[in-house]
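# Notes for the structure review
Residues per chain, in single letters:
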Amino acid sequence: MEAVKRWRSDWRYPTTLLCIYGFFSTVKPMEPFIILYMTGPDKNLTTEEVNNQILPVWTYSYLAVLVPVFLLTDWLRYKPVVVFQCVMLFITTAMLLWTRSVPALQAMEFFYSLVTACDVAYFSYIYSVVDQKRYRKATSYCRSVQLLGYTVGSVLGQLLVSFHLMSNNNIMVLTLVLTAIALLVSCLLPMPRQSMFFHREQNTKSWNGVGTTDVAEHASTSMKSLEEIKEEKMDKSIESVEDTIRAKEEEGPKDEDLKESVGSQSCGQVLLQLWRDFRQCYSSRQLLYWSLWWAMATCGYNQTTNYVQVLWDHVQPSQNFSIYNGGVEAVSSLLSAGAAYSVGFTEVRWEKWGELTLGGFSGLGAAALFLMTFIGNIWVCYVGYIIFKCMYMLLITIAMYQIAADLTMERYALVFGMNNFGSLTLQTIITAVVVDSGGLGLAIIPQFTIYASYFSLIAVVFSLRGLFTVWTAQRNQTETTPPDKNEPPDSIEHRL
């Protein structure tokens, strides 16, 4: 009994439960064949209905719920949102199984947007229950298990479809069972005592100090670690706080009240602090450029992955060909993981060569999309998709590393959320103009022509920016190490 208590108090207990949840919630055997399922005899929808009326709802809904879910996740301390995510996933799968009409499936896309918006709770939860020294190990476990779930789901789906072991509806029932297991595990997760913004376990002076000190003073500590900020703010005297331009904000709940719960005053302080952090973070030009690529590339990546099955079915109709969507997704996931993992072993000065790398590999992704669009061969489409996905996963890993290098965990969470919000805003504009039946409502080939051109634009912009960065770095290096003209000739002879 004592051993069980020790294990439950150890960091491995919540990490193990979260990994089990992550695995069962991501095993979706039907996902690589979802377009074929919706346009096949089970649902009997047309490709135009799926492409132009149903799928765009996810993009609009995701944008609408992202910010509220982001704030509620922290306020509710993660676990309720993780459970809510699994409930929404169960409802999504059930609606996909038992509904047929376009309005019902549009509602299903709305519920699925809640599932994707709640992903932030999955990765944030572990940071609230694990010591900081365990962050890297716990994060690697959670991400690896998710990848394993996607891969197992893709391979399982491919086997079930290729060998006709189960009908499509029975595969969806299997997914419901797996989701129910994930829901049960999510209920067993321990409730965190703290969160990043609303429920911080620290002396109120630390939070109030950050909220009431002068903006310039706050900027000088922006890139320090959270521990350093705490120590410095704890040492501030009351007189220095009262001399700032926001001293009136100090009139609020007492220390013990802020530790217990969050009222309207504390919520206002959190939002004000988020706004200050936002301005301070994006005042860095390098972070701004990396975030711009993140938002633009993630937008194009999401558009491509959302509609690539429609392209595959257009190039090679499933009625005339044994499809291998599941195998392709599994291979692309594994190779992408390998590409992302390799970043940790590369010794490259990313602050100098990073933007040029973003431009060059984005160009390779654009070339892969052009080949997928115009060659008209399903195997070229499969290989092009694997290359495109690997390029994106490689680059997004570099971008995440560069952005997170000098930020505290709280600020990284803010930048992560804002970059995703920016990508969703761009994606909503593209969807409304290009895909939605209320806009141009383009067919799949013109759509992918636009996506390939979009990545070509990203490649040109960041290649030019990268060349300028390299040239500037080389020029500065030359200027800072000039030859010593006053050096006597004998010293030159001695050196030779």
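Residues numbered from 1 in each chain as written. Predicted model: local features only at pLDDT ≥ 70, side-chain atom pairs only at ≥ 80, totals over all residues. Heavy atoms only, no water.

## Points about the packing of aromatic side chains
Definition in use: Centre distance within 6.5 Å is the pairing criterion for rings of Phe, Tyr and Trp, where only the six-membered ring of Trp is used; planes under 30 degrees apart are then read as stacked, over 60 as edge-to-face, and the remainder as tilted. Secondary structure elements are taken from DSSP: a helix is a run of H or I of four residues or more, a strand is a run of E of two residues or more, and numbering for both begins at the N terminus. Partly exposed describes any residue whose relative accessible area lies between the buried limit of under 20% and the exposed limit of over 50%, with all areas from a 1.4 Å probe on protein chains only and scaled to the type maximum.
The tally for this structure, following the rule as stated, stands at 19 aromatic pairs. Between Trp 58 and Tyr 62, the ring centres sit 5.1 Å apart and the planes meet at 50 degrees, which makes this aromatic pair tilted. Separated by four residues within a single helix, Trp 58 and Tyr 62 lie in helix α4 (residues 47-75), roughly one turn from each other. Classification of Tyr 62 as buried rests on a relative accessible area of 13%. Ring centres 6.4 Å apart and planes at 25 degrees place the aromatic pair Trp 293 and Tyr 392 in the stacked group. With Trp 293 in helix α16 (residues 285-315) and Tyr 392 in helix α19 (residues 378-404), this pair connects stretches of sequence that are 99 residues apart. Accessibility expressed as a relative area gives 10% for Tyr 392, which makes it buried. Joined through ring pairs, the aromatic side chains of Trp 293, Tyr 301, Phe 388, Tyr 392, Tyr 454 and Phe 455 make up one cluster.

## Quick word on the nonpolar core
Rule in force here: By nonpolar core we mean a set of buried residues, namely Ala, Val, Leu, Ile, Met, Phe, Trp, Tyr and Cys, connected to one another through side-chain atoms within 4.5 Å. Any two residues whose heavy atoms approach within 4.5 Å are treated as being in contact.
Membership of the largest hydrophobic core comes to 78 residues, with the highest contact counts inside it found for Trp 293, Trp 312, Met 372 and Phe 448. Considering every element that reaches this core, the biggest residue donor is α19, with 16 residues. Apart from the residues lying within four places of it in its own chain, the contact partners of Trp 312 are Asn 325, Val 328, Glu 329, Met 372, Ile 378, Cys 381, Tyr 382 and Tyr 385.

## Comments concerning the state of the cysteines
Quick note on the threshold: By convention in this document, the label disulfide applies to cysteine sulfur atom pairs within 2.5 Å.
Scanning the entire structure with this criterion turns up zero disulfides. Residue Cys 86 stays outside any disulfide, its sulfur separated by 8.1 Å from that of Cys 187, the closest cysteine. Accessibility expressed as a relative area gives 1% for Cys 86, which makes it buried.

## As for the pattern of salt bridges
This is how the line gets drawn: The rule for a salt bridge is simple: a side-chain nitrogen of Lys or Arg has to be within 4 Å of a carboxyl oxygen of Asp or Glu.
Under the criterion given, the structure shown has four salt bridges. A salt bridge links Lys 28 to Glu 31, with the nearest nitrogen and oxygen atoms 3.8 Å apart. For Lys 389, the salt bridge is made with Glu 329, and the minimal N-O distance between the two is 3.5 Å. Residue Lys 389 is found in helix α19, and its partner Glu 329 is found in helix α17 (residues 325-342); the two are separated by 60 residues along the sequence. Glu 329 carries the same exposure label as Lys 389, and that label is buried.

## What to know about the packing of α4 against helix α20 (residues 409-435)
Going by this rule: A fitted line through C-alpha atoms serves as each axis, taken over the contacting stretch for helices, and the angle formed by two N-to-C directions is quoted from 0 to 180°. Oblique is the label for every angle not falling under 35 degrees (roughly parallel), over 145 degrees (roughly antiparallel), or within 65 to 115 degrees (roughly perpendicular). What makes a crossing left-handed is the near helix being turned counterclockwise from the far one by less than a right angle; a clockwise turn instead makes it right-handed. Residue type decides the class: Asp, Glu, Lys and Arg count as charged, Ala, Val, Leu, Ile, Met, Phe, Trp, Tyr, Cys and Pro as nonpolar, and the leftover types, Gly among them, as polar.
Running from N to C, α4 and α20 cross one another at 155 degrees; their axes reach a closest spacing of 10 Å. Taken together, the axes of α4 and α20 are roughly antiparallel relative to one another. Both α4 and α20 take part in a crossing whose hand is left-handed. Every residue of α20 that contacts α4 at Asn 51, Asn 52, Pro 56, Trp 58, Thr 59, Tyr 60, Tyr 62, Leu 63, Leu 66, Val 67 and Phe 70 is listed here: Ala 413, Leu 414, Gly 417, Asn 420, Phe 421, Leu 424, Thr 425, Gln 427, Thr 428, Thr 431, Ala 432 and Val 435. In the contact of α4 with α20, the residues fall into 14 nonpolar, nine polar and no charged.

## A look at the side chain of Lys 389
Filter applied, for reference: For the purposes of these results, a polar contact is taken to be a pair of N or O atoms within 3.5 Å, where, inside protein, one atom must be able to donate a hydrogen and its partner to accept one; residues adjacent in sequence count only when each atom of the pair is a side-chain atom.
Look at Lys 389 and you get buried, because its relative accessible area is 7%. Among the polar contacts made by the side chain of Lys 389, one reaches the side chain of Glu 329 at a distance of 3.5 Å. The contact partners of Lys 389, leaving out residues within four places of it in the chain, are Tyr 301, Glu 329, Ser 332, Ser 333 and Ser 336.

## Notes on the packing of α20 against helix α21 (residues 444-480)
The contact between α20 and α21 brings their axes to 11 Å, and the two run at 145 degrees. Between α20 and α21 the crossing geometry is right-handed. Of the residues in α21, those in contact with Leu 426, Ile 430, Val 434 and Val 435 of α20 are Gln 447, Ile 450, Tyr 451 and Tyr 454. Partitioning the contact of α20 with α21 into residue classes produces seven nonpolar, one polar and no charged.

## Examining the confidence of the model for the protein
Rules: The predictor attaches a confidence to each residue, called pLDDT, with possible values from 0 through 100.
For the protein, per-residue confidence averages 81 on the pLDDT scale, and residues scoring 70 or more make up 80% of the total. In this model residues 203-265 is a low-confidence stretch, pLDDT under 50, and it forms 83 contacts with partners more than four residues away in sequence or in other chains. Counted against residues more than four places away or in other chains, residues 491-496, with its pLDDT under 50, gives two contacts.

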